[in-house]
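Chain by chain, the residues:
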Amino acid sequence: MTIATTTSTRIGGNSFMRRALDRMIEARTVQARRYVNGYLLSLDDATLAAHGYDRNQLEREGSASSAF
């Protein structure tokens, strides 16, 4: 299950700081998604199915064993 969210920090222009902030936000979003996937993979298949997740899809998206 993929949830798409759009966060725009672009007020105007294409400055270095704005691009850096956008990239940092994207990196933290990916990191959070991997952390959550790691927890979800610790659940049994029945619980995952009850909440609309597929174990194979979660494994393809990857997981992280620790958060920073």
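Residues numbered from 1 in each chain as written. Predicted model: local features only at pLDDT ≥ 70, side-chain atom pairs only at ≥ 80, totals over all residues. Heavy atoms only, no water.

What's the story with the overall build of the protein chain in this structure? I'm lost.
Tallying secondary structure elements over the protein chain gives 3 helices and 0 strands in all. In the protein chain, the order of α-helices and β-strands from amino to carboxyl end is α-α-α. For the protein chain, restricting intrachain contacts to residue pairs at least 6 apart in sequence, the fraction spanning at least 24 positions comes to 49%. Accessible area for the protein chain stands at about 5,400 Å²; split by element, carbon and sulfur atoms hold 57% of it. (Helix = DSSP H or I, 4+ residues; strand = E, 2+ residues; numbered from the N terminus. Contact = heavy atoms within 4.5 Å. Areas by Shrake-Rupley, 256 points an atom, 1.4 Å probe, with all protein chains shown as cover.)

So what exactly am I meant to see when it comes to a nonpolar patch on the surface here?
A cluster of nonpolar residues, L21, M24 and I25, forms a patch on the protein surface that exposes about 230 Å² of accessible area. Along the polypeptide, M24 turns up in helix α1 (residues 16-41). (Patch = residues over 30% accessible without salt bridge, like charges linked within 9 Å, V, L, I, M, F, W, Y side chains within 5 Å. Salt bridge = Lys/Arg side-chain N within 4 Å of Asp/Glu carboxyl O.)

What should I look at first to understand the confidence of the model for the protein chain in this one?
Summing up the model confidence of the protein chain, the mean pLDDT is 84 and the portion of residues at 70 or higher is 74%. Across the protein chain, the secondary-structure element scoring lowest on mean pLDDT is helix α3 (residues 55-61), at 90, and the one scoring highest is helix α2 (residues 45-50), at 95. (pLDDT = per-residue confidence, 0-100.)

Explanation requested: the environment of G38 in the structure shown.
Looking at the element boundaries, G38 is found in helix α1. Taking relative accessible area as the criterion, G38 reaches 25% and is therefore assigned partly exposed. (Buried < 20%, exposed > 50% of the residue type's maximum accessible area, 1.4 Å probe, protein only.)

What's the story with the side chain of N37 in this structure? I'm lost.
By the element assignment, N37 lies in helix α1. Residue contacts for N37: discarding those within four places in its chain leaves L58, E61, G62 and S63.

I tried to follow the pattern of salt bridges on my own but got confused; where do I start?
Side chains that differ in charge, positive against negative, can pair when their charged atoms come close. Taken as a whole, this structure holds 1 salt bridge when the rule is applied. For D45, the salt bridge goes to R55, with nearest N and O atoms at 2.5 Å. With a gap of 10 residues between them, D45 in helix α2 and R55 in helix α3 connect regions that are remote in the sequence. For D45, a relative accessible area of 49% gives the class partly exposed.

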